[in-house]
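What follows is the residue order along each chain.
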Amino acid sequence: MFSLLLWAPMVSAQDFVTEIGEVVALERGANWVRTFPKDDDTWWLTLGLGGDYGVTTITKDLVWDEKGLVGLTGRTYLIDNAIMRCSDGTYFHAASASLDQPNDSAYAFGYAEDWSLLHEGAVEERVSGTAHNDMALLCGGDHRLVAFSSMGGSIFHHVDKSGTITKKTTSPDIKFINGGGMLHDPETGGVLLVTNGQNSNTLYLYELDAELAVVERRDLEFAPSGQRAYWPQGFIRVNEHFVVVGMARSDSAGWSQDTGDVWLAVLDKDFQVLETHQVTQFEVPEGAMRPSVSRNGDTLLVTFDRLVRPNFVKVTIDLKAFGLDGGGSPGDTDLPADDSAPGGDDTSGGGGDKGDGGGGCGGCATGGDGAAGLGALFGLAAVRRRRSGGVEPR
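Let me begin by describing the structure that accompanies this report. Since the model is a prediction, treat every value here as computed from it, not as a measurement.

**Let's talk about the overall build of the protein**
Here comes step 1: The helix and strand inventory of the protein stands at one helix and 26 strands.
Here comes step 2: For the protein, the proportion of its 394 residues judged to be buried stands at 63%.
Here comes step 3: For the protein, the exposed surface amounts to about 13800 Å²; the carbon and sulfur share of it is 47%.

**Some words on the pairing of strand S14 (residues 165-171)**
Here comes step 1: When strand S13 (residues 153-159) meets S14, the two strands line up antiparallel, connected through six bridges. Bridge assignment links Phe-156 to a residue of S14, and that residue is Thr-169.
Here comes step 2: Hairpin geometry of S13 and S14 is characterised by an intervening segment of five residues between the two adjacent antiparallel strands and by a positive phi of about 90° at Gly-163.

**Side note on the state of the cysteines**
Here comes step 1: Evaluation of the coordinates by the stated rule reveals one disulfide.
Here comes step 2: Here Cys-86 engages in a disulfide with Cys-139; their sulfurs sit 2.0 Å apart. A torsion of 105° about the S-S bond marks the disulfide between Cys-86 and Cys-139 as right-handed. Of this pair, Cys-86 sits in the loop between strand S7 (81-85) and strand S8 (91-97) while Cys-139 sits in strand S11 (residues 130-140); the two residues are 53 residues apart in sequence, bridging distant segments of the chain. Each of the two residues, Cys-86 as well as Cys-139, counts as buried.

**Some words on the sheet that holds S7**
Here comes step 1: With antiparallel pairing, the four strands of this open sheet are ordered in space as S7-S8-S9-S10. At either end of the open sheet lies a strand with only one pairing partner, and these are S7 and strand S10 (117-124). Strand-to-strand twist across the sheet, computed as the mean angle between neighbouring axes with direction ignored, equals 15°.
Here comes step 2: Both S8 and strand S9 (residues 105-111) contribute to a ladder of seven bridges, which runs antiparallel. Looking at the pairing, Phe-92 lines up with Gly-110 of S9.

**Regarding the sheet that holds strand S20 (residues 241-249)**
Here comes step 1: Spatial ordering of the open sheet is given by S19-S20-S21-S22, a layout of four strands whose pairing is antiparallel. Among the strands making up the open sheet, the edge pair consists of strand S19 (228-238) and strand S22 (273-278). Between one strand and the next, the sheet's axes are offset by a mean angle of 20°, whatever the strand orientation.
Here comes step 2: The pairing of S19 with S20 spans eight bridges and is classified as antiparallel. Bridge pairing in S20 links Val-238 to His-241.

**Comments concerning the pattern of salt bridges**
Here comes step 1: Counting across every chain of the model gives 12 salt bridges.
Here comes step 2: Linking Glu-120 and Arg-75 is a salt bridge whose minimum nitrogen-to-oxygen distance equals 3.0 Å. Residue Glu-120 is found in strand S10, and its partner Arg-75 is found in the loop between strand S6 (70-71) and S7; the two are separated by 45 residues along the sequence.
Here comes step 3: Glu-120 gets classed as partly exposed once you look at its relative accessible area, which sits at 40%.
Here comes step 4: Among the salt bridges present, the one from Arg-218 reaches Glu-216, with a minimum N-O distance of 3.3 Å. Glu-216 carries the same exposure label as Arg-218, and that label is buried.
Here comes step 5: Each member of the salt-bridge network shares a partner with another, and the members are Glu-207, Glu-216 and Arg-218.

About the thresholds
- Residues numbered from 1 in each chain as written.
- Predicted model: local features only at pLDDT ≥ 70, side-chain atom pairs only at ≥ 80, totals over all residues.
- Heavy atoms only, no water.
- Helix = DSSP H or I, 4+ residues; strand = E, 2+ residues; numbered from the N terminus.
- Buried < 20%, exposed > 50% of the residue type's maximum accessible area, 1.4 Å probe, protein only.
- Areas by Shrake-Rupley, 256 points an atom, 1.4 Å probe, with all protein chains shown as cover.
- Pairing = 2+ DSSP bridges.
- Disulfide = S-S within 2.5 Å.
- Axes fitted to C-alpha atoms, helices over the stretch in contact; angles between N-to-C directions.
- Salt bridge = Lys/Arg side-chain N within 4 Å of Asp/Glu carboxyl O.

Keep in mind these numbers describe shape, not what the thing actually does.
Following this line, the structure appears as structure tokens:
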């Protein structure tokens, strides 16, 4: 399997990211914060609700409809969540649970465009030897996948539109998939996957064929030397470019649990790193976790949680640099035109844990059981800024 190190910041003639805004925190306890464009001025906002998963709306000015928040699953024991909008406008959601042992179970849900429940069911329950927390998720092309790490590699569960598990595919070449982001590759019919690297400042980007076999692995230098890159669950395509949002930190700095700072990288169609940006500048020990990103016109909405509160950063991009003349339809798929559909948004879900090289937490699931569960299982571009450190919740 061929590995290629890619690092080419500032090679573009035009900056892709033009402004990084303030950190804005909601005064509400929640986690696993995800957004999907609804119209020109509004996003759908989904978030973990103490055992359930819920949905409401938030405006471009980051005013959210707290009264309109409703639960989606009717359950009280879900822990980690991943959700993605499919090309047909429906939503695919997976969540973990601890029934007999930490992270021994996982469930899948489908929702219509109006968030009514289409299906629900177990991916698997009470299965030891598999880390069901911080799952990677994909709903695109012919693929509806929920993926976990295990002792034998990564396991992909294929889920049809009725919620039935149709088969499992194991990839021994992908050692650690938890916390990764996946996208459908319309050019090959396969899958693009970005995951933690080998306890370094690089991430792994895998090209998989339609049968989920590894075609190539590339190493993306995501953060400065001395930092460890992890949790790259924010992964979207913008025209013929890609945006990756993940975490980075120095493990010796004293960060709490798996927290750190949020980083963003822009890649070209050949997966060359064009720009990297530090999105947050938090002070040790309390940092961010569980990052993601979605796009509405020229705004990337970066989300994460910190101190068990939803946090947002609006990042302005130059659409012309991305080869776009205008914002496109609200909620577009961020995929090439031949694979797009109104209402889609290829925003990856999932979570993150320590890299497959072992050592250090930095990306372990929170909630008290993630780090222990996986430990048992596996033994700079210049941008105009408006803040330093952001508006921190108190």
